Amino acid sequence: MTAHSYKEIDNLFDLPAPDESGRVSHYVFQYIDFAQAPQYVSAGHRFSDCCFLGCEIPTEMEGSIGCTCLIFPRMGRIYNAFRGKLYTGESLYEGFVPGDEDSFATCFDSRVYADYMEKGKECHDIRETLGRSLHDRAIGDAMQDFLSRYDDRQVVAVMGGHALLRTDESYRKVVYISKVLTEKGKIMASGGGPGAMEATHVGAWMAGRNDSDVQEALDMLAVAPSFRDPGWLSSAFAVREKYPQTKYRSLGIPTWFYGHEPATPFATHIAKYFLNSVREDTLLSIAKGGIIYSPGSAGTLQEIFQDAAQNHYETFGFASPMVFLGRDYYTREMPVYPMLEDLLARGKYKNLQLSITDDPDQAIQAILDFPGSQA
């Protein structure tokens with residue numbers, strides 16, 4: 001049997017022409033309202049081996065859809081379970097008015113989170129769990145479309161604590177590292193939340209600008225150092241407005257599982273998931289150009305060992321750099337680095353490419369020295 005690939009269609013302008021027999025085969029239609037294309041419907045195309053995900057299908061078209069097609073109706077959720085593209089700061093925070101803190105509670109992201117909590121993180125309603133699963137599948141698919149434009153080893157992630165203040169020196173270091181690596185052709189990725197994650201995307205957002213601009217942006221953000229402070233999101237949008245980014249890109253991967261931590265709007269592309277386990281594995285899996293670990297707590301520690309196992313087994317064909325930013329933190333306060341060194345020396349771990357530093361430039365160089373990482 002011949003394997004067929006499916007082409008995805010998520011807008012009316014890309015509706016396919018039929019073959020010579022008038023048949024349309026091997027397409028996935030995502031959230032298409034076919035009533036808006038009456039000329040296409042009236043053409044009498046016959047559909048086979050197609051998927052209709054959340055589409056509006058006029059009555060006159062129903063008879064032309066063969067039994068080999070798969071139809072998923074619209075799920076009736078706050079979110080689009082068949083979303084065909086990644087979120088942005090604008091779409092995720094639709095309804096938020098910078099300067100009006102009360103508007104945060106009614107923006108799109110907050111409404112989805114409130115619904116998620118009301119139905120339960122471990123919801124047993126099949127319509128809801130199916131909707132979440134379909135949404136996460138669509139987001140994963142859209143993310144792979146985005147990443148397909150880049151070489152695998154150009155994707156570099158930063159892991160670290162969500163509680164890191166915007167005024168902390170470690171925050172500034174991550175901004176600098178991410179800015180330089182972005183300018184070197186890297187696609188910076190993070191968990192997409194506040195703290196060290198936000199710093200990653202601030203650096204990418206400010207790529208191409210001078211030190212004075214970066215300092216002014218940091219000063220603007222410093223009015224709300226913590227994501228718990230009033231004005232945290234408004235100050236981010238103020239920086240975005242003053243310093244628009246049109247050239248460089250970054251990828252944030254947050255989750256509604258930790259929805260009390262707002263997603264940073266500095267990520268130009270946002271893959272927000274419901275299922276945190278999928279989100280965690282995805283972030284670690286795509287960072288084939290290496291991961292920089294700034295100080296963090298239990299979540300960061302979990303990511304370190306998950307990444308170490310991935311590198312040990314060379315899950316993706318090779319091991320990537322593990323760069324620890326904070327010598328005292330990772331040797332004394334959370335002494336995971338000497339432990340990994342010891343396990344590596346005794347052969348309990350293999351293939352780990354470890355380095356540790358307090359110097360941002362050394363962290364950058366550790367990433368750039370990775371074979372095949374040059375753009």
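Overview of the structure. (Residues numbered from 1 in each chain as written. Predicted model: local features only at pLDDT ≥ 70, side-chain atom pairs only at ≥ 80, totals over all residues. Heavy atoms only, no water.)

## Here we look at the overall build of the chain
Assigned secondary structure in the chain consists of 14 helices and 13 strands. For the chain, whose C-alpha radius of gyration is 23 Å, the value lies close to the compact-globule estimate of 21 Å for 375 residues. Projected onto the principal axes, the alpha-carbon positions of the chain cover approximately 70 × 55 × 40 Å. A fraction of 65% describes how many contacts in the chain between residues 6 or more apart in sequence connect residues 24 or more apart. For the chain, the exposed area adds up to about 17100 Å²; of that, 51% sits on carbon and sulfur atoms. Measuring between centres, the 35 positive side-chain charges of the chain sit 2 Å from its 50 negative side-chain charges. (Helix = DSSP H or I, 4+ residues; strand = E, 2+ residues; numbered from the N terminus. Rg over C-alpha atoms; globule rule 2.2 N^0.38 Å. Contact = heavy atoms within 4.5 Å. Areas by Shrake-Rupley, 256 points an atom, 1.4 Å probe, with all protein chains shown as cover. Lys, Arg positive; Asp, Glu negative; His and termini not counted. Charge placed at Lys NZ, Arg CZ, Asp CG, Glu CD.)

## Remarks on the pattern of salt bridges
All chains considered together, the criterion is met by 12 salt bridges. Across the salt bridge formed by Glu128 and Arg132, the nearest N and O atoms sit 3.0 Å from each other. With Glu128 and Arg132 both in helix H5 (residues 126-147), this residue pair falls 4 residues apart, about one helical turn. Of the residues examined, Glu128 reaches a relative accessible area of 1% and is grouped as buried. Its relative accessible area of 7% is what places Arg132 among the buried residues. One network of salt bridges, with partners in common, ties together Arg77, Glu128 and Arg132. (Salt bridge = Lys/Arg side-chain N within 4 Å of Asp/Glu carboxyl O. Buried < 20%, exposed > 50% of the residue type's maximum accessible area, 1.4 Å probe, protein only.)

## Topic: the side chain of Ser250
Relative to the helices and strands, Ser250 resides in strand S9 (residues 250-252). Among the polar contacts made by the side chain of Ser250, one reaches the side chain of His201 at a distance of 2.8 Å. Ignoring any residue separated from it by four or fewer positions in sequence, one finds Ser250 in contact with Met188, His201, Ala204, Phe266, Ala267, Thr268 and His269. (Polar contact = N/O pair within 3.5 Å; in protein donor to acceptor, adjacent residues only side chain to side chain.)

## Structural notes on helix H13 (residues 336-345)
Inspection of H13 places Val336, Tyr337, Leu340 and Leu343 among the buried residues, and these make up the whole buried set. Taken down its axis, H13 places every buried residue within 130° of arc, on the same side. The positive-phi residue at the C-terminal boundary of H13 is Gly347, with phi of around 80°. (Arc of directions from axis to C-beta.)

## With respect to the packing of aromatic side chains
Following the criterion strictly, the structure yields 25 aromatic pairs and no others. Seen from their ring centres, Tyr116 and Phe274 are 5.7 Å apart, and the 45° between their planes marks the pair as tilted. Within this pair, whereas Tyr116 is found in helix H4 (residues 108-119), its partner Phe274 is found in the loop between strand S10 (269-270) and helix H10 (276-286), the two being separated by 158 residues in sequence. What makes Tyr116 buried here is its relative accessible area of 3%. Overall, the relative accessible area of 4% leaves Phe274 in the buried class. A centroid spacing of 5.1 Å and a plane angle of 75° characterise the contact between Phe324 and Tyr330, whose relative ring orientation is edge-to-face. Tyr330 gets classed as buried once you look at its relative accessible area, which sits at 0%. One aromatic cluster is present, formed by Tyr27, Phe29, Phe34, Tyr40, Phe47 and Phe52 through successive ring pairs. Stacked on the ring of Tyr31, the Lys or Arg Arg74 has its end atom at 3.9 Å from the ring centre. Here the basic side chain of Arg153 rests over the ring of Phe318, its NZ or CZ set 3.8 Å away from the ring centre. (Phe/Tyr/Trp six-rings, centres within 6.5 Å; stacked < 30°, edge-to-face > 60°. Lys NZ or Arg CZ within 6 Å of the ring centre and 35° of its normal.)

## Describing the nonpolar core
Judged by nonpolar contacts, the single largest core of 62 residues is most densely connected at Met143, Leu251, Tyr293, Phe324, Tyr330 and Leu340. Sorting elements by how many residues they give to this core places H5 first, with 6 residues. Among the nonpolar cores identified, the runner-up in size contains 30 residues, and Ile292, Leu325, Ile364 and Ile367 belong to it. (Core = buried A, V, L, I, M, F, W, Y, C linked by side-chain atoms within 4.5 Å.)

## Some words on the packing of helix H11 (residues 298-312) against H13
For the pair H11 and H13, the least separation of the axes is 12 Å and the interaxial angle reads 15°. Taken together, the axes of H11 and H13 lie roughly parallel to each other. For the element pair H11 and H13, the recorded crossing hand is right-handed. When H11 is examined against H13, the residues Leu301, Ile304, Phe305 and Ala308 are found in contact with a partner set consisting of Val336, Met339 and Leu340. (Axes fitted to C-alpha atoms, helices over the stretch in contact; angles between N-to-C directions. Parallel < 35°, antiparallel > 145°, perpendicular 65-115°, else oblique. Left-handed = near helix turned anticlockwise from the far one by under 90°.)

## Quick look at the side chain of Thr200
Positionally, Thr200 belongs in helix H7 (residues 196-205). The class for Thr200 is buried, based on a relative accessible area of 0%. Beyond its immediate chain neighbours, meaning those up to four positions away, Thr200 contacts Val158, Val174, Ser178, Met188, Ala189 and Ser190.

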